[in-house]
Amino acid sequence: MGSSFQRTVSIFLACSLCFTQISPISCEEKVSLVLYYESLCPYCSNFIVNYLPKVFKNGLIDVVDLKLVPWGNTKLQANNTFKCQHGPAECFLDTLEACAIDAWPDLNEHFPFIYCVESLVYHKNYTQWETCFEKLNLKAKLVTDCVGGGRGKELELRYAAETKALQPPHKYVPWVVVDGQPLYDDYRDFISYICKAYKGTTPIPGCSSSVNVIKMGRKISPFCLKQAAISKLSTISSTFTSLVNRVKLAASA
């Protein structure tokens, strides 16, 4: 996990550089980039770890308004209970990441944390999510109180409503939307779409002429379908119970 931690720190530093510099780009010129995802979908973690960080390179973040929505294919059931596609552990991590966004609204703060958690998911070691607080020198209590209390559920219900309201409705995750337009299975080429949508006059190094061309005939990017069956619930349920108990302990400490 040493290399994973180094990559996390690199992204964190990249974020810091982007947000401490004064950008000449006005809010009206920025391109909206929204990622609708769920924490344990392997294609979502792959996108967050290996693709999304590209937006922080070459000044591209200066023209992008990035938003993360951790809900995905979760189903809202009676009494506002959740049934996540990859089991209760996914519900927990979705809520954890929603609470991180709420606790640290600045992208400069919550993205490194989500990147760290999804790196653990990517390396099949997500039960070590608590280490991300220490690695990034973040106070865990703000997030653990949110997850252990009612705030986390409230946030997820908001994300549920936002995801349900998508037009056209999402079919799978990751569901990447640029300026209101879903990219469907071409989501890994999101940089090209951002550059194409950018209407500002300030030149952006990340949008060179070679990048600003959307190529045709690319391979279909993998995704987690909404209708996919939920499996191994009994195994994941015990993991989820353990995670919740750890959060309650941390919140009471």
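The following refers to the structure shown. (Residues numbered from 1 in each chain as written. Predicted model: local features only at pLDDT ≥ 70, side-chain atom pairs only at ≥ 80, totals over all residues. Heavy atoms only, no water.)

Moving on, we get to helix α4 (residues 107-122). Compared with the 22 Å implied by 1.5 Å per residue over 16 residues, the 21 Å span of α4 between its first and last C-alpha is a close match. Counting buried positions along α4 gives 14 out of 16 residues, so the element sits mostly inside the fold. Of the residues that open α4, the one with a side-chain oxygen 2.9 Å from the backbone nitrogen of Asn108 is Asp106. After α4 finishes, the residue Lys124 shows a positive phi value of roughly 60°. (Helix = DSSP H or I, 4+ residues; strand = E, 2+ residues; numbered from the N terminus. Expected span 1.5 Å × (residues − 1). Buried < 20%, exposed > 50% of the residue type's maximum accessible area, 1.4 Å probe, protein only. Polar contact = N/O pair within 3.5 Å; in protein donor to acceptor, adjacent residues only side chain to side chain.)

A separate point is the side chain of Ser192. Summarising the element assignment, Ser192 is placed in helix α8 (residues 190-197). Engagement of the side chain of Ser192 in a polar contact is seen with the side chain of Asp189, the distance being 3.0 Å.

Time to look at the pattern of salt bridges. Considering all chains together, one arrives at five salt bridges under this definition. Residue Lys67 is joined to Glu162 by a salt bridge in which the shortest nitrogen-to-oxygen separation is 3.0 Å. Placement of the pair is Lys67 in strand β2 (residues 64-70) and Glu162 in helix α7 (residues 151-164), with a sequence separation of 95 residues. Overall, the relative accessible area of 36% leaves Lys67 in the partly exposed class. (Salt bridge = Lys/Arg side-chain N within 4 Å of Asp/Glu carboxyl O.)

What follows is about the nonpolar core. What tends to happen in soluble globular proteins is that the nonpolar side chains get buried as a cluster. Among the nonpolar cores identified, the biggest contains 71 residues, and Leu33, Val55, Leu60, Phe190 and Ile194 are the most heavily contacted of them. Among all residues touching Leu33, those that are not within four sequence positions of it are Leu52, Val55, Val64, Asp65, Leu66, Lys67, Val176, Val177, Val178, Phe190 and Ile194. (Core = buried A, V, L, I, M, F, W, Y, C linked by side-chain atoms within 4.5 Å. Contact = heavy atoms within 4.5 Å.)

The subject of this paragraph is the packing of helix α3 (residues 88-103) against α4. Interaxial distance between α3 and α4 falls to 9 Å at its minimum, and their mutual angle equals 160°. The pairing of α3 with α4 is recorded here as roughly antiparallel in orientation. In this structure, the crossing between α3 and α4 has a hand that is right-handed. Across the interface between the two elements, Leu93, Leu96, Glu97, Ala100 and Ile101 from α3 touch His110, Phe113, Ile114, Val117, Glu118 and Val121 from α4. For the contact of α3 with α4, the class distribution of residues is eight nonpolar, one polar and two charged. (Axes fitted to C-alpha atoms, helices over the stretch in contact; angles between N-to-C directions. Parallel < 35°, antiparallel > 145°, perpendicular 65-115°, else oblique. Left-handed = near helix turned anticlockwise from the far one by under 90°. Nonpolar A, V, L, I, M, F, W, Y, C, P; charged D, E, K, R; others polar.)

Put simply, Gln167 and Pro168 share a cis peptide bond, and its omega is 0°. Structurally, Pro168 is set in the loop between α7 and β5 (172-173). Across the junction of Val173 and Pro174, the peptide omega takes the value 0°, indicating a cis bond. Within the element layout of this structure, Pro174 appears in the loop between β5 and β6 (175-178). Phi is positive for Asn58, which is not a glycine, with a value near 60°. The topology assignment puts Asn58 in the loop between α2 (42-50) and β2. Note on Asn58: relative accessible area 54%, which makes it exposed. One non-glycine residue, Asn137, lies in the positive phi region at around 55°.

Each aromatic ring pair is summarised here by two numbers: the centre-to-centre distance and the angle between the ring planes. This structure, assessed with the given rule, holds 13 aromatic pairs. Summarising the aromatic geometry, the rings of Trp71 and Phe82 are spaced 5.0 Å apart at their centres and angled 85° between planes, so their arrangement reads as edge-to-face. Linking Trp71 in the loop between β2 and β3 (75-76) with Phe82 in strand β4 (residues 82-83), this pair joins segments that are 11 residues apart in sequence. Note on Trp71: relative accessible area 3%, which makes it buried. An angle of 35° between the planes, with centres 4.9 Å apart, marks the rings of Phe113 and Phe133 as tilted. You can see Phe113 sitting in helix α4 and its partner Phe133 sitting in helix α5 (residues 131-135), a full 20 residues away along the chain. On the basis of relative accessibility, which here comes to 0%, the residue Phe113 falls in the buried class. (Phe/Tyr/Trp six-rings, centres within 6.5 Å; stacked < 30°, edge-to-face > 60°.)

A word on the sheet that holds strand β1 (residues 31-37). What the four strands build is an open sheet, ordered β2-β1-β6-β7; its pairing is mixed. Each end of this open sheet is capped by a strand with a single partner; those strands are β2 and β7 (181-182). As judged from the seven bridges shared by β1 and β2, these two strands associate in the parallel manner. Note that in β2 the partner of Tyr36 across the bridge is Val69. Where α3 meets the sheet, it contacts β1 and β2, and its direction lies at approximately 145° from that of β2. Sheet strands touched by α7: β1 and β2. Its angle to β2, the strand with the most contacts, is close to 110°. (Pairing = 2+ DSSP bridges.)

By themselves these figures say nothing about function.
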